[in-house]
Amino acid sequence: MTTEQVAARINPWHVAQQQFDLAADRLNLDEGLRRVLREPRRELTVHFPVKMDDGHVQVFTGYRVQHNLGRGPAKGGIRYHQDVSLDEVKALAMWMTWKCAVVAIPFGGGKGGVIVDPKRLSMKELEALTRRFTTEIEVLIGPERDIPAPDVNTNAQVMAWMMDTYSMHHGYTVPGVVTGKPISLGGSEGRHEATARGTVYCILEAAEHLGLDLGLARVVVQGFGNAGSIAARLITAEGATVIAVSDSEGGVHHPDGLDVNRLIAWKAERGTVRGFPGARAVTNAELLEIECDVLIPAALENQITSRNADRIHARIVAEAANGPTTPDADRILFERGIFMIPDILCNAGGVTVSYFEWVQDLNRDHWSEAIVNTKLKEIMVRAFREVLETDLREEGNMRLAAYLVAVQRVADATAMRGLYP
Ligand code: NAD
């Protein structure tokens, strides 16, 4: 079986629930609270028509899930991908709840997705799909209720269309309904780079904890989109050497290092990193097994499983992606002494700056990039240290520790609010 086939067989919702159960057991969580937090609050499925360029009507399926609203409005991205499923969106929504709690920003967790390969759509079709999907999920979203953001295959342009659609229906401009917008429409400085920047702040903290000199570190990055390519660029600026990267079409490897800026330009021109001059071609499965100091999964779920965890040769795994490691693989990596920076901490920089963007929108304010990055660093470093302290105290592992911090915060908020009615 290929890595893709293995990944497709593992249900991310079961993974998310297993991860939650481990934390709930360790926290001795009240049975009622456990039942509440184990399920999403709301799940919306929509089937909606789009008129394609050739005049025929196609019906697409999309989802918006709100996992928990105890600590604030739902927050979470919108994914456009051919393999999106309700269970994937449920898992991603639950992970958002824990992520917002681990960095202590006042949001609950949500997520959305449409089953579509956007690379097969024209810009006009993509816009029509986005506007109609926004209309369908408008029963749930709103600046005080549920605030979408970009995720896999969605970007600032898609967010601009969502914001415009919502605003047209309300008769006035509502910038705070989505984050990750273009700066000219109320987007935040630094949002585009925030996920990767947060990941690199975590890696810097982990390296210090482990006594690893980043200047000598070799880095491998799986996925070369928003999270992966920017993480590669920012970690290079810290002195590390990126030796391999990949995207959905395959990867490239050079033991002496790849020129990340040239790779970004190559990908922008050709749509893939494949064929990058002077580098050896590798498959995504091979890429994960390359010996390195820092491995950054920045693509999709279920990439590190019990089938390949024995062959991961990294000192640190920094999960820029959501859900790249299964619970079985987690155990194997832990036993092998690999330091894990779990997704709900490692990629929380994106939602943190989304929170800054929302605050700026609500206040009709605009912060400089320096302010954004300073505040982001403060939050990421504090969250990392809280999780590390919990890890050292509980003798668990970093994922369990992040869950203990996050689930406790959400459980406290939920218990304090009480049961309605
Ligand atoms: P993106 O669409 O910008 O990039 C995704 C990249 O992954 C692309 O290069 C794509 O080719 C590659 N890819 C897809 N399938 C692959 C496969 N099977 N093997 C290797 N590469 C593959 O998406 P993104 O926003 O960078 O998101 C990547 C991950 O980061 C996702 O798990 C997402 O949920 C997570 N994340 C993103 C943000 C954000 O702010 N964008 C925030 C938090 C977490």
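## Side note on the packing of helix α14 (residues 369-394) against helix α15 (residues 398-417)
Part 1: Running from N to C, α14 and α15 point in directions that differ by 110°, and their axes come no closer than 8 Å. The orientation of α14 relative to α15 falls into the category roughly perpendicular. Here the hand of the crossing between α14 and α15 comes out right-handed. Between α14, through F384, E386, V387, L388, T390, D391 and E394, and α15, the contact on the second element is made entirely by M398, A401, A402, L404, V405 and R409.
Part 2: The residue inventory of the contact of α14 with α15, partitioned by class, reads eight nonpolar, one polar and four charged.

## A short note on the packing of aromatic side chains
Part 1: If you walk through the whole model with that rule in mind, you get eleven aromatic pairs.
Part 2: On the numbers, 6.1 Å between centres and 50° between planes, the contact of Y355 with F356 is tilted.
Part 3: It is R270 that lies over the ring of W266; its NZ or CZ is 3.4 Å from the centre.
Part 4: Seen from the ring of W367, K375 lies directly overhead, with NZ or CZ sitting 5.1 Å from the centre.

## What about the sheet that holds strand β2 (residues 57-68)?
Part 1: Across the sheet, which stays open at both edges, the five strands sit in the order β1-β2-β4-β3-β5 with mixed pairing between neighbours. In the strand order of this sheet, the two ends are held by β1 (42-51) and β5 (146-150), each with one partner. In this sheet, adjacent strand axes meet at a mean angle of 25° when their direction is disregarded.
Part 2: Against the sheet, helix α6 (residues 156-170) engages β3 (74-81) and β5, with an angle of about 150° to β5.

## Observations concerning the sheet that holds strand β10 (residues 294-297)
Part 1: A sheet is described by the order of its strands in space; here seven strands give the open sequence β9-β8-β7-β6-β10-β11-β12, paired in mixed fashion. Every interior strand has two partners, whereas the edge strands, β9 (280-282) and β12 (339-341), have only one. Strand after strand, the sheet turns through a mean of 20° between neighbouring axes, direction not considered.
Part 2: Bridge count between strand β6 (residues 218-222) and strand β7 (residues 241-247): five bridges; the pairing is parallel. If you follow V221 over to β7, its bridge partner there is V245.
Part 3: Helix α7 (residues 191-210) rests against β10, β11 (316-318) and β12 of the sheet, and its axis sits at about 155° to β12.

## Some points on α7
Part 1: Look at α7: 29 Å from first C-alpha to last across 20 residues, which is about the 28 Å you get at 1.5 Å a residue.
Part 2: Phi turns positive one or two residues past the end of α7, at G211, with a value near 70°.

## Quick word on the domain arrangement of the protein
Part 1: The domain architecture assigned to the protein consists of domain 1 (41-185) and domain 2 (194-346).
Part 2: Inter-centroid distance (C-alpha atoms) of domain 1 to domain 2 is 27 Å.
Part 3: Listed by partner, the interface residues are twelve residues for domain 1 and nine residues for domain 2.
Part 4: Both sides of the domain 1 and domain 2 interface together cover about 820 Å² of buried area, and 59% of this is carbon and sulfur.
Part 5: The three residues of domain 1 that bury the most area against domain 2 are W95, K99 and V102, which together make up 49% of that side's buried surface.
Part 6: Inspection of the domain 1/domain 2 interface yields one salt bridge.
Part 7: Our enumeration of links across domain 1 and domain 2 arrives at two residue pairs in polar contact (both at pLDDT 80 or more).
Part 8: Elements represented by at least two residues in the side of domain 1 that touches domain 2 include exactly β3 and α4 (86-102).
Part 9: Of the residues forming the side of domain 1 that touches domain 2, the biggest block, six residues, is contributed by α4.

## Some thoughts on the packing of α4 against α15
Part 1: Running from N to C, α4 and α15 point in directions that differ by 90°, and their axes come no closer than 8 Å. What the angle tells us is that α4 and α15 run roughly perpendicular. Contact residues: W95, T97, W98, A101 and V102 in α4; A402, Y403, V405, A406, V407, R409 and V410 in α15.

## What to know about helix α5 (residues 123-136)
Part 1: In this model α5 runs 20 Å from its N-terminal to its C-terminal C-alpha over 14 residues, within 8% of the 20 Å that 1.5 Å per residue would give.
Part 2: Here α5 has its buried residues at E125, L126, L129, T130, F133 and T134. Along the axis of α5, the buried residues cluster in a sector spanning 165°; they form a single face.
Part 3: Elements that come into contact with the buried residues of α5 comprise β1, β2, β3, β4 (108-115) and α6.

## Comments concerning the site of the ligand
Part 1: Near the ligand, the surroundings consist of 25 residues, among which D151, T195, N226, A227 and N322 are the closest.
Part 2: Note that a nitrogen atom of the ligand is positioned 3.1 Å from one of the side-chain N or O atoms of N284.
Part 3: Here the ligand, which alone exposes 820 Å², has 89% of that area covered by the protein.
Part 4: Contributions of two or more residues to the shell around the ligand are made by α7, α8 (226-237) and β7.
Part 5: Along the lines of polarity and charge, the residues of the shell around the ligand split into eight nonpolar, eleven polar and six charged.

What counts and what doesn't
- Residues numbered from 1 in each chain as written.
- Predicted model: local features only at pLDDT ≥ 70, side-chain atom pairs only at ≥ 80, totals over all residues.
- Heavy atoms only, no water.
- Axes fitted to C-alpha atoms, helices over the stretch in contact; angles between N-to-C directions.
- Helix = DSSP H or I, 4+ residues; strand = E, 2+ residues; numbered from the N terminus.
- Parallel < 35°, antiparallel > 145°, perpendicular 65-115°, else oblique.
- Left-handed = near helix turned anticlockwise from the far one by under 90°.
- Contact = heavy atoms within 4.5 Å.
- Nonpolar A, V, L, I, M, F, W, Y, C, P; charged D, E, K, R; others polar.
- Phe/Tyr/Trp six-rings, centres within 6.5 Å; stacked < 30°, edge-to-face > 60°.
- Lys NZ or Arg CZ within 6 Å of the ring centre and 35° of its normal.
- Pairing = 2+ DSSP bridges.
- Expected span 1.5 Å × (residues − 1).
- Domains from an automatic or database assignment.
- Buried area = accessible area lost by both parts, 1.4 Å probe.
- Salt bridge = Lys/Arg side-chain N within 4 Å of Asp/Glu carboxyl O.
- Polar contact = N/O pair within 3.5 Å; in protein donor to acceptor, adjacent residues only side chain to side chain.
- Buried < 20%, exposed > 50% of the residue type's maximum accessible area, 1.4 Å probe, protein only.
- Arc of directions from axis to C-beta.
- Near = heavy atom within 4 Å.
- Areas by Shrake-Rupley, 256 points an atom, 1.4 Å probe, with all protein chains shown as cover.

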